[in-house]
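Observations on the model geometry
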Amino acid sequence: MDPLEELTSFLRFPSISTQPEHALDLVSCAEWLREKLTAIGLTATVYPTPGSPVVVAATPRDPAKRTVLIYGHYDVQPPDPLDGWTTPPFEPRIEEGRIYARGAADNKGQILAHILGVAETLREKGSLPVNVIFLIEGEEEIGSPNLASFLREHREELACDLVAISDTAMAPGNKPALTYALRGIAAMELLVRGPARDLHSGLFGGAVANPATVVARLLASLHDGEGRVLIPGFYDAVRPLEPWERAAAADLEKASGGDEAIKELAGVTELFGEKDFTTIERIGARPTAEVNGIGGGYQGAGTKTVLPKEAFAKLTFRLVADQDPAVILAAAEEYLRNQTPAGVLLEIVTGHAGAAYQSDPNSPDGLAARKALAGAFGAEPLLLRDGGSIPILATLKEILGVDSYLLGLANPDSRIHSPDENMLIENFLGGIRMNQILLQELA
Ligand code: BES
Ligand code: ZN
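An account of the accompanying structure is given in this report. (Residues numbered from 1 in each chain as written. Chains lettered and ligands numbered in written order. Predicted model: local features only at pLDDT ≥ 70, side-chain atom pairs only at ≥ 80, totals over all residues. Heavy atoms only, no water.)

1. A closer look at the layout of surface pockets
If you add up the space inside the second largest pocket, you get close to 200 Å³. For the second largest pocket, the full set of lining residues is Met-1, Pro-3, Glu-6, Lys-36, Ile-40, Leu-116, Ala-119, Glu-120, Arg-123 and Ile-432. Those elements giving two or more residues to the lining of the second largest pocket turn out to be helix H1 (3-11) and helix H3 (104-125). Ranked by the residues each element gives to the lining of the second largest pocket, the list is headed by H3, at four residues. (1 Å grid on protein atoms, 1.4 Å probe; cavity = no way out; pocket = protein on both sides within 12 Å on 5 of 7 lines; lining within 4 Å. Points joined across faces, edges and corners; volume = space filled by probe spheres on them. Helix = DSSP H or I, 4+ residues; strand = E, 2+ residues; numbered from the N terminus.)

Structure representation (structure tokens):
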């Protein structure tokens, strides 16, 4: 079958892990993968978990060969806001060299490129130069809540020499890149409860603390005017950049159009953030606190003179080595509680968390990964620290004891998590070649 047709079928599943009503779509999508992986000659299993199933597929284990575990995820982020899409998110559309759909780049196009690369080598040569294990989960976008225990239970079946992942992006300008560091993440929700019911803002305004104002003040207290986080101790464990890393960031900046290219991608007229660091450093090597959502009070048309009984905010911290997510969440909670006025109740619920991850781009496997990217995309890969997170990376290291190498295939303008997510078809097809070279180089 044509690779693009296969990708189209994969993209039709609305495998949205955060929405319980899509649980069966996740199961069908996992089953589709099992059939695909079986059809190319691997032994594939769909393992149920308390959440979405995990798909594992492997070649027979030849003890004389090294073993590469290829990780990916078949779950996707919600497609919202739906009115931002040119065509429906689960009806893939091909136009001007791109395929558009939720999951096109994150992560279905990227993981399928690896599957098809393995299929191609098996068809051409009958066997692979290394043992391969695919581990494809359905809960990455919600912080992989069931994967750590799965890894512990299946430690022997998953034993390997390294992990290869395509779930990141190329450098600006769509230049090939090996991502050697990703940020960690820690999520938190705040709910401020005040009066017993919504009140008339004239009769009670000035007499009681307004929960929406309290949330706003708490959120505003997170940063100074330049974007530096004010939580005491927040930066204490941050590992400084090595000189070679600053040089790699400068190379990247030169090769990729610098701040202008980032402005263009973000659709802003000015960038904003901590001074003393370049934008590339701020994205990849500095921790942040971001408000992801905020709400409370009247949201309808017109005005309503109300003093809302409650208000909320959703936050995530992006972390770098060697910040500990639990320490950061505790420090944030203490800081916010100390500022909460009497008369309101601050409820804090912490969510998923995962530490930052770094691997060595100059290790033998790092060099093999760079050769594979160069061979498939025709240019020496840049070295990238990216700002997104794959929270399971630190756990893979802890439980399986191996390093992960990130060979991103998404185009920088793939709009992952946004409307009109897309993947350049040349990146998808290049990814198939990349996998073939990679397995050869890793042997
Ligand atoms: N594929 C992304 C992570 C990514 C994308 C890293 C581009 C670097 C460059 C992944 O699927 C993702 O979105 N992860 C979430 C994790 C979270 C929901 C726990 C993230 O980073 O927000
Ligand atoms: Zn994602």
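Having seen the structure, we can now continue with the description.
2. Side note on the environment of Asn-107
Among the secondary structure elements, Asn-107 is positioned in helix H3. For the pair Asn-107 and Ala-342, spaced 235 residues apart in the sequence, the C-alpha separation amounts to 46 Å. If we ignore the near neighbours within four places in the chain, the residues touching Asn-107 are Gly-72, His-73, Ser-166 and Asp-167. In this structure the side chain of Asn-107 is engaged in a polar contact, spanning 2.6 Å, whose partner is the backbone oxygen of Ser-166. (Contact = heavy atoms within 4.5 Å. Polar contact = N/O pair within 3.5 Å; in protein donor to acceptor, adjacent residues only side chain to side chain.)

3. Quick notes on the site of ligand 1
Glu-140, Asp-167, Arg-318, Ser-389 and His-417 are the nearest of the 17 residues found near ligand 1. Contact between ligand 1 and His-73: an oxygen atom at 3.1 Å from a side-chain N or O atom of the residue. At a separation of 2.8 Å, an oxygen atom of ligand 1 approaches a polar side-chain atom of His-417. Its residues placed into classes, the shell around ligand 1 shows four nonpolar, seven polar and six charged. (Near = heavy atom within 4 Å. Nonpolar A, V, L, I, M, F, W, Y, C, P; charged D, E, K, R; others polar.)

4. Considering the coordination of the zinc ion (ligand 2)
Here the zinc ion (ligand 2) is held by the protein donor atoms Asp-106 (OD), Glu-141 (OE), Glu-141 (OE) and His-417 (NE2), which lie 1.9 to 2.7 Å from it. For the zinc ion (ligand 2), all donor residues lie on one chain, and their spacing in sequence is D-x34-E-x275-H. Here the residue Asp-106 occupies a position in helix H3, and Glu-141 occupies one in the loop between strand E6 (131-137) and helix H4 (147-153), the gap between them amounting to 35 residues. As far as the burial class goes, Asp-106 and Glu-141 line up, both buried. (Donors = N, O, S within 2.8 Å, 3.2 Å for Na, K, Ca; no water. Buried < 20%, exposed > 50% of the residue type's maximum accessible area, 1.4 Å probe, protein only.)

5. Examining the sheet that holds strand E9 (residues 184-193)
Sheet architecture is open: four strands sit in the order E11-E13-E9-E14, paired in antiparallel fashion. Of all the strands in the sheet, just strand E11 (288-296) and strand E14 (345-354) have a single pairing partner and so form its edges. Going across the sheet, the axis of each strand differs from the next one's by a mean of 15°, ignoring polarity. As defined by bridge partners, E9 adjoins E14 across eight bridges and the pair is classed as antiparallel. Along E14, the bridge assignment pairs Met-188 with Thr-350. Docked against the sheet, helix H10 (residues 325-338) engages E9, strand E13 (310-319) and E14, running at close to 25° with respect to E9. (Pairing = 2+ DSSP bridges. Axes fitted to C-alpha atoms, helices over the stretch in contact; angles between N-to-C directions.)

6. So, the side chain of Glu-6
Looking at where Glu-6 falls in the secondary structure, it is placed in helix H1. Glu-6 sits in the buried class, given a relative accessible area of 7%. Not counting chain neighbours up to four residues away, the residues in contact with Glu-6 comprise Met-1, Trp-32, Lys-36, Leu-112 and Leu-116.

7. Quick notes on the sheet that holds strand E18 (residues 422-424)
Here three strands make up an open sheet; going across it, the order is E4-E5-E18 and the pairing antiparallel. The outermost strands of the open sheet, each flanked by one partner alone, are strand E4 (93-95) and E18. Strand-to-strand twist in this sheet, taken as the mean axis angle between neighbours without regard to direction, amounts to 20°. One ladder, built from three bridges, connects strand E5 (residues 98-100) with E18; its direction is antiparallel. Bridge pairing in E18 links Ile-99 to Met-423.

8. Looking at helix H12 (residues 392-400)
Among the residues of H12, those classed as buried are Ile-392, Leu-393, Thr-395, Leu-396, Ile-399 and Leu-400. Projection of H12 onto a plane perpendicular to its axis shows the buried side chains occupying an angular sector of 160°, all on one side. The inward-facing, buried residues of H12 contact strand E3 (67-73), H4, strand E7 (162-165), strand E8 (177-182), strand E15 (357-358) and strand E17 (404-407). Residue Gly-401 follows H12 closely and has a positive phi angle near 70°. (Arc of directions from axis to C-beta.)

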